[in-house]
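In case you want the letters, here they are:
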Amino acid sequence: MDTRQNTTKQWQEQEALRRFQMIAPLLDEKLDNAKKLQLRKMIAENNEVSVRSVYRYEKSYQEGQFEGLKPAARQKHRIQNLPQDYGMILEEAIQLRKEVPERSVNQIITILELEGKAAPGVLKRSTLERHLYNAGFGTEHMKAYRDARESSSKRFCKPNRMMLVQADIKYGPKLPIGKNGAKVQTYLSSAIDDHSRLLLYSRFYDNQEEAIVTDTFHQAILKYGKFDACYLDNGTQYTATQLKISLSRLGIRVMHARIRSGKSKGKVEKFHQVVDAFNREAKLKNIRTLEELNRYWELYLEEYYHNKPHDGIREYYESLGCTLPENGISPRTEFNRDKRPLTYIDVSVVAEAFLRHEERKVDKGACISFKGRRYETKPELIGHTVQIAYDPASPEVLTVSYPGYEAFTAKPLKIGPYCDKNPSLPAGMQEQTPKTSRFLDALERRHEESSARQADAISFASYRKEGGHNV
């Protein structure tokens, strides 16, 4: 039951993400009605849906944001309508998609019907599309390949701040922060504004897991607000589904660069030259901790990079025929002089968007297991499956929720030298030493009552007998 529900949730989020990416170009407030109408038709044609469906997705997003795009849970009886040889048909559909990744689901169905491998009208587009997705060959999986072929590697620059953000990971210096002072490779995760080249957030980490990318975007949005879209490479940290869902919840589009195309991410690559210069200086300081490394990096950005005239900004304005100040324009100056307003989002909304959700079953000790550690919950939840939410940047803090209970923070289980490792039960569930046996007491009362009734009956019978004799 829990596995089926989890699969349904994943499908709903993936479908909502697909719909959001479909209608994202229509969310531009600068579009007039005529342009929107033309764009809807193009989106409907490219995604093989009706214009009415595109309208419906727009309205759903306007009313309920990302959550409004989630489809209703599918009914169980639908799977009963599948033909018995559906598994073999699905294998043929996968093969057709492998041969030509651009093939639409409708085209695949047509081919299967023409080849006699499926009866006409039996295969439904939505059902086959869902099964192709579950097998890893859905429309969303093929989109990266199609975008990679069609994307351009020409130079570009957005006209205003926070319209586009680029992000990437760069190797940092090795620090003696491992066990017994072993050298550990550090990694710099950065998010840079495409127009001004200002670093919205940039920090060194001791790993290059997906969590550092999530943390980078999380902190950037908290500091500078929402941006329209982000432009990323195809590394596993940036193609992760959770990152796409988190950003989509905030109305942010996710785009990926062409595979093996360094030119399309020229701004970030140029910025990495700045990082290389810092790394050379950092080696001379004999830095010993990650905190110290980030402190010097922040000084380097705020006192040097952000205040230094940027050649890219100069080239952009020269291409427009504009006259620049003799000393040029720095990223900080360009960001601050931009009149486009910043759009800040409530901290709690941002935090919720970046939380990850999983399920765990509460064991007999009222604990759950997470990343190799045990966390205390509530004894009332023993045997129940609860939902946990956590920030990838701080996975040690878990929020537990269960229907009918107020969400609470689970604490790691600590076992003291004189403490029982099992948590104490609430008073209502603890065994108590009674002063007497209520069962035997009840039997004794019943016996006394029965004896009293019997005595009364005998006494009454004697009275009647004596009374009868006298008569």
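Residue numbers restart at each chain and count upward from 1, following the sequence in its written direction. Only residues with pLDDT of at least 70 get local features here, since the model is predicted, and only at 80 or more are side-chain atom pairs given and counted; chain-wide, interface and lining totals rely on the full set of residues. Side-chain metrics rest on all non-hydrogen atoms present in the structure, leaving aside hydrogens and water.

1. Observations regarding the sheet that holds strand β3 (residues 199–205)
Next, step 1: A pair of strands is considered paired only if DSSP assigns at least 2 bridges between the two. A run of H or I in DSSP counts as a helix once it spans at least four residues, and a run of E counts as a strand once it spans at least two, with each numbered from the N terminus. Read from one edge of the open sheet, five strands run β3-β2-β1-β4-β5, paired in mixed fashion. Two strands close off the open sheet at either side, each with one partner strand: β3 and β5 (253–256). Neighbour-to-neighbour, the strand axes of the sheet open up by a mean angle of 25 degrees, direction not taken into account.
Next, step 2: Bridge count between strand β1 (residues 164–175) and strand β2 (residues 184–193): nine bridges; the pairing is antiparallel. Looking across to β2, one finds that L175 is bridged to V184.
Next, step 3: By definition, residues are in contact when any of their heavy atoms lie within 4.5 Å. Here an axis means a line fitted to C-alpha atoms, over the contact stretch when the element is a helix, while the angle between two N-to-C directions is reported on a 0 to 180 degree scale. Packing of helix α8 (residues 210–224) onto the sheet brings it into contact with β1, β2, β3 and β4 (229–232), and relative to β3 it is tilted by some 145 degrees.
Next, step 4: Where helix α11 (residues 266–284) meets the sheet, it contacts β1, β2 and β3, and its direction lies at approximately 25 degrees from that of β1.

2. What to know about the sheet that holds strand β8 (residues 373–376)
Next, step 1: Read across the open sheet, the six strands follow the order β6-β9-β10-β11-β8-β7; overall the sheet is antiparallel. A single partner strand is all that each edge strand has here, and the edge strands are β6 (356–361) and β7 (367–370). For this sheet the average axis-to-axis angle between neighbouring strands, irrespective of direction, equals 35 degrees.
Next, step 2: Pairing of β7 with β8, which is carried by four bridges, proceeds in the antiparallel orientation. Looking at the pairing, S369 lines up with R374 of β8.

3. Details of the packing of α8 against helix α10 (residues 241–249)
Next, step 1: Look at α8 against α10: their axes get within 10 Å of each other, and the N-to-C directions meet at 10 degrees. Here α10 runs roughly parallel to α8, going by the angle between their axes. Relative to α10, α8 is oriented so that their crossing is right-handed. Between α8 and α10, the contacting residues are E210, V213, T214, F217 and I221 on the first element and Q242, L243 and L247 on the second. Roughly parallel here means an angle under 35 degrees, roughly antiparallel means over 145, roughly perpendicular means 65 to 115, and every remaining angle is called oblique. Each crossing gets its hand from how the near helix is turned against the far one by less than a right angle, where anticlockwise is left-handed and clockwise is right-handed.

4. Focus on the packing of aromatic side chains
Next, step 1: Each Phe, Tyr or Trp ring, with Trp reduced to its six-membered ring, pairs with another whose centre is within 6.5 Å; inter-plane angles below 30 degrees give stacked pairs, above 60 give edge-to-face pairs, and intermediate values give tilted ones. Following the criterion strictly, the structure yields 16 aromatic pairs and no others.
Next, step 2: Look at Y171 and Y187: their rings are 5.3 Å apart centre to centre, the planes differ by 50 degrees, and that puts the pair in the tilted class. Of the two residues, Y171 is situated in strand β1 and Y187 in strand β2; the sequence distance between them amounts to 16 residues.
Next, step 3: Against the face of F335 rests R161, its NZ or CZ located 4.9 Å from the ring centre. Cation placement over rings: the criterion is NZ of Lys or CZ of Arg within 6 Å of the ring centroid and within 35° of the ring normal.

5. A few points about the nonpolar core
Next, step 1: Put simply, buried Ala, Val, Leu, Ile, Met, Phe, Trp, Tyr and Cys residues joined by side-chain atoms within 4.5 Å make one nonpolar core. The cut-offs for exposure are 20% and 50% of the maximum accessible area for each residue type, with area from a 1.4 Å probe on protein chains only; residues under the lower value are buried, those over the upper are exposed, and the others partly exposed. Residues F217 and L247 are the most contacted members of the largest nonpolar core, which totals 29 residues.
Next, step 2: For this core, the element with the highest residue contribution is α8, accounting for six residues.
Next, step 3: Not counting the four nearest positions on each side in its chain, L247 is found in contact with F217, I221, C230, I252, V254 and F354.
Next, step 4: Listed in part, the 18 residues of the second largest apolar core include F271, V274, F278 and L301.

6. Looking at the confidence of the model for the protein
Next, step 1: Confidence per residue, as judged by the predictor, is encoded in pLDDT with a range of 0 to 100. For the protein, mean pLDDT is 83; residues scoring 70 or higher make up 83% of the total.
Next, step 2: The weakest mean pLDDT in the protein belongs to helix α7 (residues 139–150) at 51; the strongest belongs to β3 at 97.

7. What about the pattern of salt bridges?
Next, step 1: Here a salt bridge means any side-chain nitrogen of Lys or Arg lying within 4 Å of a carboxyl oxygen belonging to Asp or Glu. All chains considered together, the criterion is met by 20 salt bridges.
Next, step 2: For R125, the salt bridge is made with E129, and the minimal N-O distance between the two is 3.0 Å. One end of the pair, R125, and the other, E129, are both in helix α6 (residues 125–134), four residues apart, so they sit about a helical turn from each other.
Next, step 3: The partly exposed category is assigned to R125, whose relative accessible area is 28%.
Next, step 4: With a shortest N-O distance of 3.2 Å, K267 and D194 are connected by a salt bridge. On the criterion of sequence distance, the pair formed by K267 in helix α11 and D194 in the loop between β2 and β3 is long-range, its members being 73 residues apart.
Next, step 5: Salt bridges here are not isolated pairs; linked through shared partners, they connect E13, E67, K70 and R249.

8. Digging into a nonpolar patch on the surface
Next, step 1: Residues F439, L440 and L443 make up a contiguous nonpolar surface patch of roughly 320 Å² in combined accessible area.
Next, step 2: Structurally, L440 can be placed in helix α16 (residues 438–470).
Next, step 3: L440 sits in the exposed class, given a relative accessible area of 53%. In this scheme, patches are assembled from residues that exceed 30% relative accessible area and form no salt bridge. Like charges are connected within 9 Å, while nonpolar side chains (Val, Leu, Ile, Met, Phe, Trp, Tyr) are connected within 5 Å. For the area figures, the Shrake-Rupley method with a 1.4 Å probe applies, and any residue is considered shielded solely by the protein chains shown.

9. Considering unusual backbone geometry
Next, step 1: In this structure, N180 takes a positive phi of about 55 degrees despite not being glycine.
Next, step 2: As for its placement among the helices and strands, N180 is situated in the loop between β1 and β2.
Next, step 3: On the basis of relative accessible area, N180 is assigned to the exposed category, the value being 86%.
Next, step 4: In this structure, N286 is a non-glycine residue whose phi angle is positive, near 55 degrees.
Next, step 5: If you trace the backbone, N286 turns up in the loop between α11 and α12 (290–303).

10. Concerning α8
Every α-helix winds through 3.6 residues per turn, so residues three or four apart in the chain are directed the same way.
Next, step 1: Any helix carries an expected span of 1.5 Å times its number of residues minus one. Between its first and last C-alpha atoms α8 spans 22 Å; for 15 residues at 1.5 Å apiece the expected length is 21 Å, and the two agree.
Next, step 2: Of all the positions in α8, only E210, I212, V213, T214, D215, T216, F217, H218, A220, I221 and Y224 are classed as buried.

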